[in-house]
Amino acid sequence: MGDPMTEYTARLQQQEQEIQSLSAEIESLKDPQSLSLSPHLDELREENAKLKYRLNILKRNLQEEKIHCSKSMMNINQQLQGIFGEAIRASCPELDNPPLSVTPNQQAKFGDYQCNSAMAMAQMLKGKGIKANPREIAEKIIQNIPDNELIQKTEIAGPGFINIHLKKTFVSRLLSNLLINGVQPPPLASRKKVVVDFSSPNIAKEMHVGHLRSTIIGESMCRLFEFLGYDVLRLNHVGDWGTQFGMLIAHLQDKFPNYLTVSPPIGDLQAFYKESKKRFDEEEDFKKRAYQCVVRLQSKEPEFIKAWNLICDVSRREFQRVYNCLDIRIIERGESYYQDMMTEVVKEFEEKGLIELDEGRKIVFAPGQSIPLTIVKSDGGYTYDTSDLAALRQRIFEEKADIIIYVTDSGQATHFQVVFAAAQMIGWYDPQVTRVEHAGFGVVLGEDKKKFKTRTGDTVRLMDLLEEGLKRSMDKLREKERDKVLTPEELTKAQRSVAFGCIKYADLSHNRINDYIFSFDKMLDDRGNTAAYLLYAFTRIRSITRLANIDEAILRKAAETTEVLLDHEKEWKLGKCILRFPEILQKILEDLLLHTLCDYLYELATTFTEFYDSCYCVEKDRQTGEVVKVNMWRMLLCEATAAIMAKGFDILGINPVERM
């Protein structure tokens, strides 16, 4: 036996066609007596109405089944778009691609969501010479809304807005599903491969605040894609090749002649780099020797490779200290990795006749770009353009990436624009199929609104910054006398959570495109949209279950047996806010702007505070202070809030603690 829904749909379509043909026949007949030519019309209409009724019941049952069976969180906005998309197409078949706009309502009195398509549709019809009233279009849309489990009622407001009110039973069921199954991502149509290129410091140079932004933003993007089920490759495109290694190796040979047998004690690689650069600029013999060292390194002579590895290892150890503090997972794949591939890139551009000669350089002009790429210098050497093209080609053809994201400062936007245009010109990828994107970010400013520097005007070392964060975090905890209530181990955990959480959140909570002002005082403030406020809010929510002596087993059982009531306006507001989480993640997936998640978590925390202040979760005896009543459905709302906040923190790379 076939699928009943498919069977009914097929029969319904057949009936519709017959009715249309019979209705057309009637219209065409002038003589009213000739209606007797179609004796089956009434029977068909009746049969058709029955089929429609049964099909709608099947659709509704299927929807209910989906909610019960799916462990994933549902994107309510996406579901509403599906429902209204169907209604809009049915109400206005003359429009080829009618606009679809469904958004959460900002004011509760106007309902939970709003469909604003009617006004735009009226404009489109006007363009076709059809006069239409937006309110009448809205009315037609409402009449064509298919049976569903989501919508309680709809209302038309103003010029044609459709206000949508959700069913409380539907929202309650979704919350129960979340509590039973945990925070599960919406189902993925296909598991795509994502490459994120981030952090990318230079060997022999200190990591600075610019690398901090790239590292924090890139890590968070990776965590988001991983949570949503994508296959993510995190790449660190370090600057580990080029002429600077010639001078470093020449200096190493002079300072530590026995470097091949004894690892040189290069404690401060930055100072070592400055010394070698000074000699390179001032000593002609040293400069010549440095160039010879580059040639011998590129020829891969063993002792030069050994020297190069020594220098890289010193840098790696420094980078790793930063990555350990910030809980960063990344695979190093520096410029050296792509050296042999660059020859192939140049050859491919030459074979396709895309190279122009310019004073001995080999350059490539991409369509629509005024600046060329230099892929071979006049001395025969390769450039950043060549290595970036080679890296992109490798990621497309060998990694088979569907999405490639570069997280660097906005100053490199033009460079990547030209690289991407050249890759499309040569036919490596189609932007309709493969998403290749530069996620640029602004610079970090000091509180004087100038580029963030030390008092002496030097670039701020990242490790110094992180250590200062730890110190200030401990001062803040002691000021609040947390050292008197927490064990030494809990205090250290709280210190690291606050210090690194605040540094990450201060960055991520700003729109990455803009510059942002680095201020320890602001980021450690426990008022307003800061990590300190959210971390304290989270520990407060977690303490409610401890206060009520409720353990995980009791909560799990309650999630399966207790209905989440949403009768109080603050319960309803909190329940809806919790369930917007998948919508927020979907938006970030599209625009890669992580501050949206920070804004949402802050909204969730403040909505929870409103709920907690208005709705008793735990009722105590005023005299004895003993717990006399636990409102379990409200405890479940506390648990659902904490679960979403914990997952949000995880995506942002913040480690909350149970006690603070």
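Computed from a predicted structure; not experimentally measured. (Residues numbered from 1 in each chain as written. Predicted model: local features only at pLDDT ≥ 70, side-chain atom pairs only at ≥ 80, totals over all residues. Heavy atoms only, no water.)

**Some points on the overall build of the protein**
For the protein, the helix and strand inventory stands at 23 helices and 16 strands. The principal-axis extents of the C-alpha atoms in the protein amount to approximately 110 × 85 × 50 Å. In the protein, buried positions account for 49% of the 660 residues. Counting only contacts in the protein whose residues sit at least 6 apart along the sequence, the fraction spanning at least 24 positions is 74%. (Helix = DSSP H or I, 4+ residues; strand = E, 2+ residues; numbered from the N terminus. Buried < 20%, exposed > 50% of the residue type's maximum accessible area, 1.4 Å probe, protein only. Contact = heavy atoms within 4.5 Å.)

**Regarding the packing of aromatic side chains**
Applying the stated criterion across every chain, the model contains 16 aromatic pairs. Note on tryptophan 241 and tryptophan 308: the rings are 5.3 Å apart at their centroids and 85° apart in plane angle, and the pair reads as edge-to-face. Linking tryptophan 241 in the loop between β6 (231-236) and α8 (244-255) with tryptophan 308 in helix α11 (residues 302-326), this pair joins segments that are 67 residues apart in sequence. In this structure, tryptophan 241 and tryptophan 308 share a single accessibility class: buried. Where tyrosine 406 meets phenylalanine 420, the ring centres are 5.6 Å apart and the plane angle is 45°; that geometry is what we call tilted. Separated by 14 residues along the polypeptide, tyrosine 406 in strand β11 (residues 403-409) and phenylalanine 420 in helix α14 (residues 413-425) bring together distant segments of the chain. An aromatic cluster is present here, built from Phe227, Phe581 and Tyr600 joined pairwise through their rings. The ring of tyrosine 337 carries arginine 333 above its face, with NZ or CZ at 4.7 Å from the centroid. (Phe/Tyr/Trp six-rings, centres within 6.5 Å; stacked < 30°, edge-to-face > 60°. Lys NZ or Arg CZ within 6 Å of the ring centre and 35° of its normal.)

**Quick word on the side chain of serine 315**
If you trace the backbone, serine 315 turns up in helix α11. Classification of serine 315 as buried rests on a relative accessible area of 3%. Residues within four places of serine 315 in sequence aside, it is in contact with Ile203, Ala204, Lys205 and Leu269.

**Some remarks on the UniProt feature "domain: DALR anticodon binding" (unreviewed entry) in the protein**
When the UniProt feature table is mapped onto this chain, "domain: DALR anticodon binding" (unreviewed entry) is found at residues 534-660. Overall, residues 534-660 shows 69% helix and 6% strand. The separation of its end C-alpha atoms is 12 Å. (UniProt positions renumbered as here; feature names shortened; annotations may be inferred.)

**Considering the sheet that holds strand β9 (residues 361-364)**
An order of β8-β9-β10 is seen for the 3 strands of this open sheet, with the pairing classed as antiparallel. Among the strands making up the open sheet, the edge pair consists of β8 (356-358) and β10 (373-376). For this sheet, the mean angle separating the axes of adjacent strands, direction not counted, is 45°. One ladder, built from 3 bridges, connects β9 with β10; its direction is antiparallel. What sits directly across from valine 364, in β10, is leucine 373. (Pairing = 2+ DSSP bridges. Axes fitted to C-alpha atoms, helices over the stretch in contact; angles between N-to-C directions.)

**Let's talk about the pattern of salt bridges**
Taken as a whole, this structure holds 49 salt bridges when the rule is applied. Two residues, arginine 234 and glutamate 226, come together in a salt bridge whose shortest N-O distance is 3.0 Å. With a closest N to O distance of 2.6 Å, glutamate 350 and lysine 362 form a salt bridge. Of this pair, glutamate 350 sits in helix α12 (residues 339-351) while lysine 362 sits in strand β9, and the two are 12 residues apart along the sequence. (Salt bridge = Lys/Arg side-chain N within 4 Å of Asp/Glu carboxyl O.)

**Some remarks on the packing of helix α9 (residues 269-282) against helix α10 (residues 284-298)**
For the pair α9 and α10, interaxial distance at closest approach is 6 Å and the crossing angle is 110°. Here α9 is positioned roughly perpendicular relative to α10, judged by the angle of their axes. By crossing handedness, the relation of α9 to α10 is classed as left-handed. Of α10, the residues touching α9 (which contributes Ser276, Arg279, Phe280 and Glu282) are Glu284, Phe286, Lys287, Arg289, Ala290 and Tyr291. Of the residues contributing to the contact of α9 with α10, the split by class is 4 nonpolar, 1 polar and 5 charged. (Parallel < 35°, antiparallel > 145°, perpendicular 65-115°, else oblique. Left-handed = near helix turned anticlockwise from the far one by under 90°. Nonpolar A, V, L, I, M, F, W, Y, C, P; charged D, E, K, R; others polar.)

**Topic: the domain arrangement of the protein**
When cut into domains, the protein gives domain 1 (76-166), domain 2 (243-327) and domain 3 (462-652). Placing the centre of domain 2 and that of domain 3 at their C-alpha centroids yields a distance of 46 Å. Listed as interface residues are 6 residues of domain 2 and, on the opposing side, 7 residues of domain 3. In total, domain 2 and domain 3 occlude about 600 Å² of area from one another, counting both sides; carbon and sulfur atoms represent 72% of this. Counting across the domain 2 and domain 3 interface gives 1 salt bridge. The closest approach of N and O atoms between arginine 321 and glutamate 467, which form a salt bridge, is 3.2 Å. At the boundary of domain 2 with domain 3, the tally comes to 2 residue pairs in polar contact (both at pLDDT 80 or more). The residue makeup of the side of domain 2 that touches domain 3, split by class, is 3 nonpolar, 1 polar and 2 charged. (Domains from an automatic or database assignment. Buried area = accessible area lost by both parts, 1.4 Å probe. Polar contact = N/O pair within 3.5 Å; in protein donor to acceptor, adjacent residues only side chain to side chain.)

**Quick word on the sheet that holds strand β12 (residues 435-441)**
Backbone-to-backbone hydrogen bonds pair the strands of a sheet. The strands run either parallel or antiparallel. Pairing in this open sheet of 5 strands is parallel, and the strands run β7-β6-β5-β11-β12 from one edge to the other. Bordering the open sheet on either side are β7 (331-332) and β12, each of which pairs with just one other strand.

**Some words on the pairing of β9**
The two faces of a sheet get side chains in turn, since along a regular strand they alternate between them. Pairing between β8 and β9: 3 bridges, direction antiparallel. Looking at the pairing, aspartate 358 lines up with arginine 361 of β9. Linking β8 back to β9 in an antiparallel pair, the connection comprises 2 residues, with glutamate 359 at a positive phi of about 50°.

**Describing the environment of glutamate 626**
Here glutamate 626 shows up in the loop between β15 (618-620) and β16 (627-630). Spatially, the C-alpha atom of glutamate 626 lies 10.0 Å from that of leucine 547, the residues being 79 residues apart in sequence. Discounting chain neighbours no more than four positions away, the residues touching glutamate 626 are Glu619, Lys620 and Asp621.

**Notes on the nonpolar core**
Counting 169 residues, the largest nonpolar core has Phe84, Phe581 and Leu597 as the members making the most contacts within it. Contacts of phenylalanine 84, omitting those with residues within four sequence positions, involve Leu100, Val102, Cys115, Ile141, Ile145, Ile151, Thr154, Ile162 and Ile164. Counting 33 residues, the second-largest nonpolar core is a separate cluster that includes Val345, Val376, Phe420 and Trp428. (Core = buried A, V, L, I, M, F, W, Y, C linked by side-chain atoms within 4.5 Å.)

**Quick word on the side chain of glutamine 369**
Along the chain, glutamine 369 turns up in the loop between β9 and β10. Judged by its relative accessible area of 17%, glutamine 369 is buried. Here glutamine 417 takes part through its side chain, which lies 3.3 Å from a polar atom of the side chain of glutamine 369. Apart from the residues lying within four places of it in its own chain, the contact partners of glutamine 369 are Gln417, Val418 and Ala421.

**Some remarks on helix α19 (residues 552-561)**
Buried within α19 are the following residues: Leu555, Ala558 and Ala559. The buried residues of α19 occupy an angular sector of 105° when projected down its axis, which confines them to one face. For α19, exposure combined with an orientation more than 90 degrees from the buried face picks out Arg556, Lys557, Glu560 and Thr561. In this structure, the buried residues of α19 make contact with α6 (168-181), α18 (531-547) and α23 (632-652). A distance of 3.3 Å separates the backbone nitrogen of alanine 553 from a side-chain oxygen at the start of α19, and that oxygen is part of aspartate 551. (Arc of directions from axis to C-beta.)

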